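# Notes for the structure review
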Amino acid sequence: MGKVSIRYGVGDPDGPLARLQPFDTHGAMSAAPYAPSSTGRLPLPWARQYDSDGRGPGIVYTVRSYATPIAWVRADGRTVIPPVSYSATTTRHQNLCRAWLGAAAPAEDGAAAA
């Protein structure tokens, strides 16, 4: 798999985000068809949710900004995008995920309720 452009290759109807395909960009955004074990800078409640989702129902797709999971798709089809603020670059990555992976998990669900 070659590198894709975040500007032109990731966010479109035929792009890897919309099709849940793995990719790596020339920058800090990447995606994998599994749950990488590192949680990077994910806050502890969301890191616990990520680990829990990985155990069951399972995670079938993870998008990372730098080394931090910023969005994941569970095996039951639910997309989780934690409402966490990071850098301007990661915010752009999160917005691409919101646009092409679907709605974010409500704050009342998952880690926010824990």
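Fair warning: this is a prediction, and the values are worked out from it, not measured in the lab.

Next up on the list: the sheet that holds strand 4 (residues 68-74). The sheet built from five strands is open, its strands ordered 1-2-3-4-5 with antiparallel pairing. In this open sheet, the two edge strands, each paired with only one partner strand, are strand 1 (23-24) and strand 5 (79-80). As paired strands, strand 3 (residues 59-65) and strand 4 are joined by six bridges and run antiparallel to one another. Each bridged residue has a counterpart across the sheet, and for Ile59 the counterpart in strand 4 is Arg74. Packed onto the sheet, helix 3 (residues 44-55) meets strand 3, strand 4 and strand 5 and runs at close to 35° relative to strand 4. Relative to strand 4, helix 4 (residues 88-101) is tilted by about 10°, and along the sheet it contacts strand 2 (29-32), strand 3, strand 4 and strand 5.

In this section: the pairing of strand 4. Successive residues of a regular strand alternate their side chains across the two faces of the sheet. Within strand 4, seven of the seven residues are buried, which leaves it mostly tucked inside the rest of the structure. Connecting the antiparallel pair strand 3 and strand 4 is a turn made up of two residues, with Tyr66 showing a positive phi of about 55°. Two strands pair when backbone bridges link them, and strand 4 and strand 5 are joined in this way by two bridges, in the antiparallel orientation. Along strand 5, the bridge assignment pairs Trp72 with Val80. Here strand 4 folds back onto strand 5, and the loop between the two strands holds four residues, one of which, Gly77, carries a positive phi near 95°.

To continue, consider the nonpolar core. In terms of nonpolar packing, the biggest core is built from 23 residues, with Leu17, Met29, Tyr61, Val63, Cys97 and Leu101 touching the most fellow members. The set of elements that each furnish at least two residues to this core consists of strand 2, helix 3, strand 3, strand 4 and helix 4. Take this core: its biggest share by element is four residues, from strand 4.

So, about the packing of aromatic side chains. Taken as a whole, this structure holds one aromatic pair when the rule is applied. Where Tyr50 meets Trp72, the ring centres are 4.9 Å apart and the plane angle is 75°; that geometry is what we call edge-to-face. With Tyr50 in helix 3 and Trp72 in strand 4, this pair connects stretches of sequence that are 22 residues apart. There is no split in this pair, since Tyr50 and Trp72 are both buried.

Rules behind the numbers
Residues numbered from 1 in each chain as written. Predicted model: local features only at pLDDT ≥ 70, side-chain atom pairs only at ≥ 80, totals over all residues. Heavy atoms only, no water. Pairing = 2+ DSSP bridges. Helix = DSSP H or I, 4+ residues; strand = E, 2+ residues; numbered from the N terminus. Contact = heavy atoms within 4.5 Å. Axes fitted to C-alpha atoms, helices over the stretch in contact; angles between N-to-C directions. Buried < 20%, exposed > 50% of the residue type's maximum accessible area, 1.4 Å probe, protein only. Core = buried A, V, L, I, M, F, W, Y, C linked by side-chain atoms within 4.5 Å. Phe/Tyr/Trp six-rings, centres within 6.5 Å; stacked < 30°, edge-to-face > 60°.

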